Amino acid sequence: LNKLFFKMTWTANSCFVTLAILFLWRVEEIAEACSCSPAHPQQAFCNSDVVIRAKLVGVQEVDVGNDIYGNPIKQLKYDIKQIKMFKGPQQDIDAIYTAPLSAVCGATLETNGKEYLITGKLETDGTVHVTLCDFIEPWEATSATQKKSLTQRYEMGCGCKITRCTSIPCMISSPAECLWTDWVIEKTVNGEQAKHFACIKRSDDSCAWYRGAAPPKRDFLDIEDP
């Protein structure tokens, strides 16, 4: 009887240990899932090292080093043809790198010659890395205002802070902020303010939304509200 009790206890303990391991593995898997905070296109421009328009022409999985256990680290290398650089280094960029899985923020892109607006991080070795959290949009899906803003207006507003409103009421905490209300008004982060507005700093160092593809007039920078 004692032997039977010992066997049952050992079996129960083994099952508990197994379940505990599975639970911890699942928690770790969930913890590693990709999570991004939405950003206005202007924020994406200002916070990125590289902003380019490019055509994607190919993709391959490559080894980029080893982890602490000696296992190879895989990444996807997208071969691109740069069309225009809005922000970045002097030399053209011919490839971008990303993680192979969306669970670890890897970006999945079409490679049939599709053109994209791409924002990313420039590494010390000169390579450009992108994630799901970066602003990557098919070029044909960007608005006329967004295209125009890439050359001047977004940069003019990099000294401003864009505060995302997630629920009513919401407010700014300083004159150098613009309140981004697309989510509460349209239930999307790709609404009117994202597509057609830029947050511009005025001569008194306050910031305000400006709509339109043309550069802001001087009187707007001085006294006008958007």
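No experiment lies behind these values; they were computed from the predicted model shown.

Rules used throughout
Residues numbered from 1 in each chain as written. Predicted model: local features only at pLDDT ≥ 70, side-chain atom pairs only at ≥ 80, totals over all residues. Heavy atoms only, no water. Helix = DSSP H or I, 4+ residues; strand = E, 2+ residues; numbered from the N terminus. Buried < 20%, exposed > 50% of the residue type's maximum accessible area, 1.4 Å probe, protein only. Contact = heavy atoms within 4.5 Å. Areas by Shrake-Rupley, 256 points an atom, 1.4 Å probe, with all protein chains shown as cover. Disulfide = S-S within 2.5 Å. Phe/Tyr/Trp six-rings, centres within 6.5 Å; stacked < 30°, edge-to-face > 60°. Polar contact = N/O pair within 3.5 Å; in protein donor to acceptor, adjacent residues only side chain to side chain. Pairing = 2+ DSSP bridges. Salt bridge = Lys/Arg side-chain N within 4 Å of Asp/Glu carboxyl O.

Undergrad: Hey, could you run me through the overall build of the protein chain in this one?
TA: Scanning the protein chain for helices and strands turns up seven helices and 10 strands. Counting across all 226 residues of the protein chain, residues that qualify as buried make up 35%. Restricting the contact set of the protein chain to residue pairs at least 6 apart, pairs at least 24 apart contribute 54%. Carbon and sulfur atoms make up 56% of the accessible area of the protein chain, which totals about 13,900 Å².

Undergrad: What exactly am I supposed to notice about the state of the cysteines here?
TA: Note on terminology: disulfide describes a covalent bond linking the sulfur atoms of two cysteines. Counting across every chain of the model gives six disulfides. Covalent S-S linkage joins C165 and C170, the inter-sulfur distance amounting to 1.8 Å. Because the torsion about its S-S bond is -95°, the bridge between C165 and C170 counts as left-handed. The class for C165 is buried, based on a relative accessible area of 1%. Since its relative accessible area comes to 25%, C170 is described here as partly exposed. Through a disulfide, C178 is tied to C199; the S-S separation comes to 2.1 Å.

Undergrad: Is there a simple way to explain the environment of T145 in this structure?
TA: Summarising the element assignment, T145 is placed in helix α3 (residues 144-149). C-alpha of T145 to C-alpha of K195: the two residues are 50 residues apart in sequence and 6.8 Å apart in space.

Undergrad: Would you explain the packing of aromatic side chains in this entry?
TA: Aromatic rings considered in pairs are described by the distance between their centres and by the relative angle of their planes. Tallying each qualifying case throughout the model produces three aromatic pairs. When the centroid spacing of 6.1 Å and the interplanar angle of 10° are considered together, the rings of F86 and W139 count as stacked. Here F86, found in strand β2 (residues 72-87), pairs with W139, found in the loop between β6 (136-138) and α3; they are 53 residues apart in sequence, far enough to count as distant. With a relative accessible area of 15%, F86 lands in the buried category. What makes W139 buried here is its relative accessible area of 12%. Ring plane angle 80° and centroid distance 6.4 Å describe the contact between F197 and W209, whose orientation is recorded as edge-to-face. On the criterion of sequence distance, the pair formed by F197 in strand β9 (residues 197-201) and W209 in strand β10 (residues 207-211) is long-range, its members being 12 residues apart.

Undergrad: How should the side chain of Q193 be read in this particular structure?
TA: Within the secondary structure layout, Q193 lies in helix α6 (residues 192-196). Note on Q193: relative accessible area 11%, which makes it buried. Among the polar contacts listed, one links the side chain of Q193 to the backbone oxygen of L179, at a separation of 3.3 Å. With residues up to four places along the chain from it excluded, the contact list for Q193 reads H40, L179, W180, T181, D182 and W209.

Undergrad: I tried to follow the pairing of strand β3 (residues 95-98) on my own but got confused; where do I start?
TA: On β3, burial covers both faces: A95 and Y97 on one face and I96 and T98 on the other are all buried. Pairing between β2 and β3: four bridges, direction antiparallel. Within the sheet, the bridge partner assigned to L76 lies in β3 and is T98. Direction of pairing for β3 relative to strand β5 (residues 128-129): parallel, over a ladder of two bridges.

Undergrad: Is there a simple way to think about the pattern of salt bridges in this case?
TA: Any two side chains of opposite charge can pair, on the condition that their charged atoms come close. Evaluation of the coordinates by the stated rule reveals five salt bridges. A salt bridge links K74 to D63, with the shortest nitrogen-to-oxygen separation between them at 2.8 Å. In this pair, K74 is assigned in strand β2 and D63 in strand β1 (residues 50-66), connecting sequence segments 11 residues apart. A residue is classified by how much of its surface remains accessible, and K74, at 38% relative accessible area, is partly exposed. Classification of D63 by relative accessible area gives partly exposed; the value is 48%. The partner of E192 in a salt bridge is R211, and the shortest N-O contact between them spans 3.4 Å. Of this pair, E192 sits in helix α6 while R211 is found in strand β10, placing the two residues 19 residues apart along the sequence. When its relative accessible area of 35% is taken as the criterion, E192 is described as partly exposed. Taking relative accessible area as the criterion, R211 reaches 46% and is therefore assigned partly exposed.

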